[in-house]
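# What the coordinates show
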Amino acid sequence: MKLSHFNFDLPKELLAEFPAENRDEARLMVIDRKKQTIEHKMFKDVIDYFDDGDVMILNNTKVFPARLYGNKEKTGARIEVFLLRELNAEQRLWDVLVDPARKIRIGNKLYFGDDDSLVAEVIDNTTSRGRTLRFLYDGSYEEFRNKLTELGETPIPKYINREVTPEDAERYQTIYAKEEGAVAAPTAGLHFSKHLLKRLEIKGVNFAEVTLHVGLGTFNPVEVEDLSKHKMDSEELKITQEACDIVNEAKAKRKRVCAVGTTSMRAIESSVSSQNTLNPYEGWTNKFIFPPHDFSVANCMITNFHTPKSTLLMMISAFCGHDLMKKAYEEAIKEKYKFYSYGDAMLIL
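This section reports on the structure supplied with the text. (Residues numbered from 1 in each chain as written. Predicted model: local features only at pLDDT ≥ 70, side-chain atom pairs only at ≥ 80, totals over all residues. Heavy atoms only, no water.)

### Some words on the sheet that holds strand 5 (residues 67–72)
Which entries qualify depends on this criterion: Any two strands between which DSSP finds at least two bridges are classified as paired. Numbering goes from the N terminus for both helices and strands, where a helix is a DSSP run of H or I of at least four residues and a strand is a run of E of at least two. Angles run from 0 to 180 degrees between N-to-C directions of axes, and those axes are lines fitted to C-alpha atoms, restricted for helices to the stretch in contact. Contact between two residues is taken to exist if any of their heavy atoms lie within 4.5 Å; hydrogens are not considered.
With respect to topology, 6 strands assemble into a closed barrel ordered 5-6-7-10-9-8, the strand pairing being antiparallel. On average, adjacent strands in this sheet sit at an angle of 45 degrees to one another, irrespective of strand direction. Here strand 5 runs beside strand 6 (residues 78–88); their pairing, made up of 5 bridges, is antiparallel. From the neighbouring strand, Asn71 faces strand 6, where its bridge partner is Arg78. Along the sheet face, helix 1 (residues 141–151) touches strand 5, strand 6, strand 7 (93–99), strand 8 (109–112), strand 9 (118–125) and strand 10 (130–136) and points at about 90 degrees away from the line of strand 9.

See the structure below:
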């Protein structure tokens, strides 16, 4: 498979700027790989496809308010600082992206907040837009983190051409988010409401939680025609023994094991035993899943509609089958499904 196999024309108006009014009332396209059928439902109908003993694998990562706006010393130029990850808690060192980057050099200081209560010094260049910052703040570590939260904005994706609203803080987060560390939401999970989770639970569906801290690399389009040459960014991953037990028991009983989102799928495919069971794991993964790929753990998945040439689309092609995926996407465009982070969902059986 080549990069050009994953290009398609996506009308601008199908990129969702806002989420559906109610989480579980987005649209749901249901694809059956065996029967080669496509159905149109609402997301809350997902419950009709699951039974007692089936398992859903959820990514419980929590998005933090990663986008800050500061001013450069002397010139006062407004600079966007996007926090990628903490490098050292004690020294308050962070890996960040800055924009506009050409103005930001080693030794520069940036001031944040109306009262300049938070200051950062640039101590290294990492990539063209990447920098290492040391934050200077009078206060305990906890107070410093609270300050970051206070000054930061929800990091809704760049393609959304509007100001962040207070609602984004709630809606760009799954209701089961626990472990802080992501700079992008695992978007398939955004469709689950408390009510729907409760109904699934009552029906006997079990939930296994994994943690994969989604990085900005999730938005990087592939730029090489030969997919095997593409390098994924590493992301932090944790799979507990408890999650493995829930998943492996369902597998042994031949139940449905559903990966909720591409991040959950990438997490579990990163830690498979030779017997095709899920193993506990704590570390980093840069797994890139593209066709052909044998999936070892999940036998169905929930995902949103992805953009052309994205690694996410390549995973869906590998799971769904390329021709059926293309047919589904053509139908999604014709039926005006909404795409991307705040868009509609697809269940692949």
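Moving on, there is more to tell.
### Focus: the packing of helix 5 (residues 262–269) against helix 6 (residues 311–320)
So the rule is basically this: An angle below 35 degrees is treated as roughly parallel, one above 145 as roughly antiparallel, one from 65 to 115 as roughly perpendicular, and anything else as oblique. For any helix crossing, the convention is left-handed if the near helix is rotated counterclockwise from the far helix by under a right angle, and right-handed if that rotation is clockwise. Think of it as three bins: nonpolar holds Ala, Val, Leu, Ile, Met, Phe, Trp, Tyr, Cys and Pro, charged holds Asp, Glu, Lys and Arg, and polar takes everything else, Gly as well.
Closest axis-to-axis distance for the helix 5/helix 6 pair is 11 Å, and the angle between their directions is 70 degrees. Classified by the angle between their axes, helix 5 and helix 6 sit roughly perpendicular to one another. The element helix 5 and its partner helix 6 pack so that their crossing is left-handed. In this structure, helix 5 uses Thr262, Met265 and Arg266 to contact helix 6, whose residues at the interface are Leu312, Met315, Ile316 and Phe319. Residue classes in the contact of helix 5 with helix 6 are distributed as 5 nonpolar, 1 polar and 1 charged.

### Observations regarding helix 3 (residues 194–202)
Inclusion rule: Each residue is assigned to one of three classes by its accessible area relative to the maximum for its type, calculated with a 1.4 Å probe on protein chains only: buried under 20%, partly exposed between the two thresholds, exposed over 50%. This arc is taken over the directions from the axis of the helix to the C-beta atoms.
Residues Leu196, Leu197 and Leu200 constitute the buried set of helix 3. One side of helix 3 carries all its buried residues, which in axial view fall inside an arc of 100 degrees. Structural note: helix 3 exposes Lys194, His195 and Ile202 on the side pointing more than 90 degrees away from its buried face. Of the surrounding secondary structure, the elements contacted by the buried residues of helix 3 are strand 3 (55–59) and strand 12 (206–212). Immediately downstream of helix 3, the backbone of Gly204 shows phi near 100 degrees, a positive value.

### Topic: the pairing of strand 17 (residues 345–348)
Of the two faces of strand 17, the one carrying Ala345 and Leu347 and the one carrying Met346 and Ile348 are both buried. Direction of pairing for strand 1 (residues 27–32) relative to strand 17: parallel, over a ladder of 4 bridges. Pairing of Met29 across the sheet is with Met346, part of strand 17. For strand 16 (residues 300–304) and strand 17, the ladder comprises 4 bridges, and the chain directions are antiparallel. Bridge pairing in strand 17 links Thr303 to Met346.

### A few points about the packing of aromatic side chains
For clarity, the cut-off: In this analysis, rings of Phe, Tyr and Trp, with Trp reduced to its six-membered ring, are considered paired at centre separations within 6.5 Å, and the interplanar angle assigns stacked below 30 degrees, edge-to-face beyond 60, and tilted for intermediate values.
For the structure shown, the criterion picks out 16 aromatic pairs. With a centroid separation of 5.6 Å and 50 degrees between ring planes, the pair formed by Phe135 and Phe144 is classed as tilted. For the pair formed by Phe135 and Phe144, the shared burial category is buried. On the numbers, 6.0 Å between centres and 80 degrees between planes, the contact of Tyr172 with Tyr342 is edge-to-face.

### Examining helix 7 (residues 322–334)
Put simply, the rule reads: For a helix, the expected span equals 1.5 Å multiplied by the residue count minus one.
End to end, helix 7 covers 18 Å across 13 residues, agreeing with the expected 18 Å (1.5 Å per residue, within 8%). Buried residues along helix 7 sit against strand 1, strand 2 (37–42), strand 16, helix 6 and strand 17. Of the residues trailing helix 7, Lys336 is marked for its positive phi of about 60 degrees.

### Things to note about the packing of helix 6 against helix 7
Relative orientation of the contacting elements helix 6 and helix 7 amounts to 120 degrees, with a least axis distance of 7 Å. Taken as axis vectors, helix 6 and helix 7 run oblique relative to one another. The interaxial crossing formed by helix 6 with helix 7 has right-handed handedness. Of the residues in helix 7, those touching helix 6 at Leu313, Ile316, Ser317 and Cys320 are His322, Leu324, Met325 and Tyr329. Partitioned by chemical class, the residues of the contact of helix 6 with helix 7 number 6 nonpolar, 2 polar and no charged.

### Concerning the pattern of salt bridges
Put simply, the rule reads: A pair is scored as a salt bridge if a Lys or Arg side-chain nitrogen falls within 4 Å of a carboxyl oxygen belonging to Asp or Glu.
For the coordinates displayed, the defined rule picks out 14 salt bridges. Between Arg145 and Glu86 there is a salt bridge, with its nearest N and O atoms 3.5 Å apart. Here the residue Arg145 occupies a position in helix 1, and Glu86 occupies one in strand 6, the gap between them amounting to 59 residues. Judged by its relative accessible area of 28%, Glu86 falls in the partly exposed class. Across the salt bridge formed by Arg145 and Glu180, the nearest N and O atoms sit 3.2 Å from each other. Note that Arg145 is positioned in helix 1 and Glu180 in strand 11 (residues 179–182), a separation of 35 residues in sequence. If you follow the salt bridges from partner to partner, you end up with Arg67, Glu80 and Lys158 in one network.

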